[in-house]
Structures are given as structure tokens and as C-alpha cells.
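# Summary of structural features
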Amino acid sequence: MSDEIKDTVENSKGSKSIAAFARAKQSLPGGVNSPVRAFRAVGGTPPFIERGEGAYLTDIDGCRYIDYLLSWGPLIAGHAHPAVVHAITQQAQLGTSFGAPTEIETELAEEIKRAYPSMDLVRMVSSGTEATMSALRVARGYTGRSRIVKFTGCYHGHADSLLIRAGSGVATLGLPDSPGVPSAIAELTLTVPYNDVDRLRMVFEEFGEEIAAVIIEPVAGNMGLVLPQGGYLQAVRDLTLAYDTLLIFDEVMTGFRVSYGGAQERFGIDPDLTTLGKVIGGGMPVGAYGGKREIMEQIAPEGPIYQAGTLSGNPLAMAAGLATLKLLQTEGAYDRLERVSQRLAQGFMDAGHRAELPVQAHAIGAMFGNFFAKDPVVDYATAMQADLALYADYFHAMLARGFYFAPSQLEAGFVSLTHTDEQVEQTLIAMGDVMQNLRRRRR
Ligand code: HOZ
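Chains are numbered independently. Their residues run from 1 in the order of the written sequence. This being a predicted model, a pLDDT of at least 70 is required before a residue's local features are given, and a value of 80 or more before pairs of side-chain atoms are given or counted; all residues contribute to the totals for chains, interfaces and linings. Working from all heavy atoms in the structure, the side-chain values ignore hydrogens and water.

Okay, the overall build of the chain next. For the chain, the count of helices and strands is 16 helices and 14 strands. Atoms considered for the radius of gyration are the C-alpha atoms alone. The globule rule reads 2.2 Å times the number of residues to the power 0.38. Taking 22 Å as the expected radius of gyration for a compact globule of 443 residues, we find that the chain reaches 21 Å, a close match to that expectation. Over its C-alpha atoms, taken along the principal directions, the chain stretches across nearly 60 × 55 × 45 Å. When the 443 residues of the chain are sorted by exposure, 57% land in the buried category. The contact criterion used throughout is that any non-hydrogen atoms of two residues lie within 4.5 Å. Contacts spanning at least 24 positions in sequence make up 72% of the contacts within the chain whose residues lie at least 6 apart. Strands here are runs of E lasting at least two residues and helices are runs of H or I lasting at least four, both read from the DSSP assignment and numbered beginning at the N terminus. Burial here depends on accessible area, computed with a 1.4 Å probe over protein chains only, as a share of the maximum for the residue type. Under 20% is buried, over 50% is exposed, and the range in between is partly exposed.

Here it is in C-alpha cells:
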């Protein structure tokens with residue numbers, strides 16, 4: 001840890017964040033606008049953030065952290081990257097929203113299409129949830145079928161049909177299904193374990209003709225980071241084709257992250273529909289869905305399936321997204337991102353082994369996942385065997401040293417183009433210290 005970070009962490013008591021959290025709770029449910037930010041899985045008070053710069057976050061108490069959460073993914077270029085800030089500023093001077101067509105929407109759609117050949121047409125929306133919710137409607141409208149299949153522990157935002165056995169905050173808070181989702185809707189969502197082809201086949205054998213779509217995070221990032229096993233995604237593709245069911249790749253997290261062309265490029269799969277978000281908005285609220293022309297042409301005004309939005313294709317988000325994608329096109333960007341995430345995963349494993357703690361870690365592209373688990377983590381059931389209390393201790397010890405990770409083991413970590421080797425080195429040294437302390441405390 002650099003002396004600078006050490007000083008800021010040691011000199012801070014977090015008192016301003018504590019006061020800010022208490023105040024926020026008077027006006028916002030749980031003090032937050034999205035549940036996982038409230039630190040329920042790890043306890044304590046979330047630092048309230050004042051600003052970000054590159055790989056650093058600074059809170060209102062003046063504590064500085066190396067950020068491995070990056071706004072839960074969008075900031076692959078780091079905080080307040082000058083090129084992204086410039087693009088947003090320039091656009092803001094021209095106007096922030098028009099509710100009318102702009103050329104910049106087409107530009108971003110063209111860039112997405114170049115990178116994702118499975119997407120002939122793209123519709124911009126304002127969040128990942130909106131993208132997955134709309135993709136489902138299109139799948140149901142196009143196929144005339146009502147059932148969908150999702151995977152336990154995968155999270156696709158909070159639309160009713162998708163809030164069934166979901167990961168992320170739903171899993172963190174132990175809410176298998178949310179009150180408020182009518183059972184008539186929940187019944188249409190069939191769930192199967194991730195990485196289990198046989199169970200998926202069984203569901204198809206029973207309900208195949210009724211299933212509109214299978215929606216999947218091709219690399220699961222909301223039960224921690226869980227990788228698809230060899231041949232699994234192709235098997236999912238083959239089954240969906242056999243039953244004329246649409247395959248929706250939810251690449252909100254993996255898009256432009258596990259490679260420029262997402263998981264579908266990396267694993268060589270051709271989905272019918274794809275959802276995107278996070279990176280393509282460069283830190284501004286955004287989502288997109290798209291896919292095969294004959295399916296996407298069913299959307300209004302071309303076809304009868306309705307979906308709309310006042311801020312869809314918002315020019316600030318389009319500008320920030322395009323600027324971010326440009327940065328990702330620089331030579332070696334993905335090699336570097338992958339090297340950093342792999343080093344973090346390997347460092348976590350090494351530190352855990354030295355401290356004789358049960359550890360598992362995964363990394364791919366610009367994302368990684370750390371588990372305190374004895375056995376390999378391949379699905380939600382194995383992810384849930386991880387030691388959540390140990391993670392909470394680890395999380396707080398790292399936070400106190402100036403390293404900001406996901407406040408739940410059931411979330412992924414992220415790296416950016418701005419994370420340096422030196423910062424990663426500092427992180428690995430801290431991980432080693434923290435794990436040794438955890439070992440001592442467990443004795
Ligand atoms: N959907 C995010 C977790 N996978 C949480 C977003 C947020 O709280 O900002």
C-alpha cells in the first residue's frame with residue numbers, strides 16, 4: 001500500500017459517511033437507491049463517494065481507495081477518463097436530450113453491430129433491466145410462446161419475469177423470489193442450474209414447445225464470477241435451436257468486457273438476441289438490445305411489439321459510450337485487462353493457500369471473482385457454499401487498507417484500463433497481509 005493511501009485510511013474515521021448514511025436512511029429505503037450498495041452482506045457503513053479519478057475513488061471522509069468495482073462494471077476506462085468527460089461535456093453543450101433522432105445513436109448502433117455480428121438491428125434503452133425486459137417481450141411476441149428459462153443465480157435486472165431465483169442483491173439478501181411478482185408471472189419462468197446441460201435438456205423435454213427464450217449470462221457475474229464449462233454454451237445453443245426457442249445472451253456485464261465482441265465472440269456462439277448495458281454507456285445510464293433482423297423487425301414502429309422510452313438513445317450516454325469504445329480499440333487493451341484480472345485472481349489464490357484458507361478464484365477479460373470456498377464454484381449451489389462471513393472480514397480489512405471490492409461475495413470484481421501494475425502489486429501485498437491476519441484470527 002502506498003504511504004498516501006495508508007495515511008488517508010488511517011486518518012479517517014469514516015464519520016462523515018456514517019452521518020451521511022443516517023441522513024440518507026431518512027429519505028431513501030435503506031439509505032440507498034440499489035440494495036447491494038447498503039453493505040448488508042458485509043455489514044458496516046458504505047463509504048459515501050465524493051469523486052473518482054482513474055482507478056481511484058475518494059470518499060467524503062477523504063479516504064482514497066483503489067477501486068475494483070468501478071460502478072459495478074461500466075467504468076472500464078476508469079473514473080472520469082478525460083476522453084469520456086470531454087465527450088460528455090461537448091455533447092452537454094449541445095443539449096442533453098431531444099426525444100428526437102440524433103446521428104450519434106446510429107453511430108453507437110453501428111459500432112455495436114460491427115463488434116456483434118449477431119445483432120442486425122439494435123434498440124437503445126436506458127438500463128440493463130430495460131434491455132432484458134424488452135428482449136423477453138420481443139422473444140414472446142415473436143415466438144407466440146410464454147415460458148422462459150433462466151439459470152439459478154443469474155441476474156438479469158429486476159423485471160418481474162426475471163426476478164426468480166436471481167443472483168446479485170436478491171441472493172445476497174436471501175430473497176429467492178420477490179414479493180410483488182405475481183405468481184401467474186413467476187410460474188412462466190423455469191429455472192435450471194447453470195453449467196448443467198442435462199437439467200436444461202429435461203426442461204426442454206417437458207416444456208420445449210412452450211419456451212419462448214432461454215436467457216443466460218454467458219459468463220455468470222451475479223453469483224460471484226462463474227465461468228461456463230467447456231462446451232456448455234454450445235450445448236445451450238444446440239438445445240434452443242432444436243426447440244425453435246430463442247437464445248438471449250445477456251451481455252450487460254460481459255459485453256465489451258470479456259473481449260470487444262463479448263462472450264459470444266470469445267466462445268463462438270451466435271445468439272438470437274443480445275442485451276448490453278454498462279460499458280456501452282461509459283458510466284451514463286444506458287442499455288441496448290438487438291439481434292436477428294427478422295426478430296427485431298417485430299418491434300414498433302416496424303412491427304407490433306411495443307417498447308419506447310423518453311430518454312432512450314440519450315445523447316450524453318451515446319457520447320460517453322462511443323468515447324469508451326474508442327479507448328477499448330487501442331492495441332493490446334484486452335490483453336492488458338486480462339493480465340490484470342488474472343493476476344488478481346492468481347494473487348488471491350496464492351495468498352489464500354499461503355494462509356491455509358479455502359479459496360477459489362476466476363478471471364476472464366476485465367472481470368474476476370473471489371470465493372472463500374473449498375470446492376470449485378460452478379453454479380449457484382456451489383457459490384452458496386462459500387464462507388460469507390470470512391468474505392465480510394476480508395472485505396472490511398481490504399477496505400480499511402484502501403481497496404474497494406464488491407461488498408458481497410456473490411458479485412464480480414472489475415478492472416479498468418487505468419489500473420497499473422504497481423496498484424495491482426499493492427493490492428496483492430495487502431491481500432497477503434489480510435489473509436495472514438484472518439488465519440491468525442481463525443485459530
Ligand atoms: N446490478 C448491480 C449488481 N450486480 C448493482 C448495481 C448497483 O447497485 O449500483
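All right, on to the packing of aromatic side chains then. Between 30 and 60 degrees the pair is tilted, below 30 it is stacked and above 60 it is edge-to-face, where a pair is any two Phe, Tyr or Trp rings, Trp via its six-membered ring, whose centres lie within 6.5 Å. In this structure the tally under the stated criterion is 19 aromatic pairs. On the basis of an interplanar angle of 70° and a centroid distance of 5.5 Å, the ring pair of tyrosine 194 and tyrosine 232 is categorised as edge-to-face. Of the two residues, tyrosine 194 sits in the loop between β6 (189-192) and α8 (197-207) while tyrosine 232 sits in helix α9 (residues 232-242), which places them 38 residues apart along the sequence. Among the aromatic residues, ring-to-ring pairing joins Phe39, Tyr68, Phe348, Phe368, Phe372, Tyr391, Tyr394, Phe395 and Phe405 into one connected group. Here the guanidinium or amino end of arginine 64 rests over the ring plane of tyrosine 56, the centre of that ring lying 3.8 Å away. Comment: the charge-over-ring label is applied if NZ (Lys) or CZ (Arg) is within 6 Å of the ring centre and within 35 degrees of the ring normal.

Glancing now at the side chain of glutamate 111. Locating glutamate 111 in the fold gives a position in helix α4 (residues 103-115). When its relative accessible area of 11% is taken as the criterion, glutamate 111 is described as buried. Every residue in contact with glutamate 111, bar those within four places of it in the chain, is listed here: Tyr260, Leu322, Leu325 and Gln329.

Here strand β3 (residues 64-67) shows two buried faces, one formed by Arg64 and Ile66 and the other by Tyr65 and Asp67. In short, DSSP must find at least two bridges between two strands for them to pair. Relative to strand β13 (residues 403-404), β3 runs parallel, the two sharing two bridges. Bridged to aspartate 67 within β13 is tyrosine 404.

This next bit is on the nonpolar core. In this description, a nonpolar core means a group of buried Ala, Val, Leu, Ile, Met, Phe, Trp, Tyr and Cys residues linked to one another through side-chain atoms lying within 4.5 Å. Counting 87 residues, the largest nonpolar core has Phe256, Phe372, Tyr394 and Phe405 as the members making the most contacts within it. Counting 30 residues, the second largest nonpolar core, distinct from the first, contains Val192, Tyr232, Leu247 and Ala383.

Before going further, it helps to spend a moment on the packing of α8 against α9. To get an axis, a line is fitted to the C-alpha atoms, and for a helix only the part in contact is used. The angle between two axes follows their N-to-C directions and goes from 0 to 180 degrees. Close contact between α8 and α9 brings their axes to 10 Å; oriented N to C, the two are set at 10°. By the angle between their axes, α8 is roughly parallel relative to α9. Between α8 and α9, the residues in contact are Val197, Leu200, Arg201 and Phe204 and Tyr232, Ala235, Val236, Leu239 and Thr240, respectively. The residue classification treats Ala, Val, Leu, Ile, Met, Phe, Trp, Tyr, Cys and Pro as nonpolar and Asp, Glu, Lys and Arg as charged. All others, Gly included, are polar. Partitioning the contact of α8 with α9 into residue classes produces seven nonpolar, one polar and one charged. Comment on the angle field: the value is read as roughly parallel under 35 degrees, roughly antiparallel over 145, roughly perpendicular from 65 to 115, and oblique elsewhere.

As a per-residue measure, pLDDT tells how confident the predictor is, with possible values from 0 to 100. Averaged over all residues, the pLDDT of the chain is 94; the fraction at 70 or higher stands at 96%. Per-residue pLDDT stays below 50 along residues 1-11; that stretch engages in 19 contacts with residues further than four places along the chain or on separate chains.

Attention now goes to the site of the ligand. We define proximity as follows: a residue is near a molecule or strand when any one of its heavy atoms falls within 4 Å of that partner. Taken together, Ser34, Val36, Arg37, Trp72, Tyr155, Ser168, Asn222 and Glu411 make up the full set of residues near the ligand. Distance and chemistry together define a polar contact, namely a pair of N or O atoms within 3.5 Å, with one atom able to donate a hydrogen and the other to accept it when in protein, and with adjacent residues in sequence counting only for side-chain atoms on both sides. Interatomic distance of 2.9 Å between a side-chain N/O atom of glutamate 411 and a nitrogen atom of the ligand. Its free accessible area being 290 Å², the ligand has 85% of it covered by the protein chains. For the shell around the ligand, the class distribution of residues is three nonpolar, three polar and two charged. Here the accessible surface of atoms and residues is derived via Shrake-Rupley with a 1.4 Å probe, and residues count as covered only by protein chains that are part of the display.

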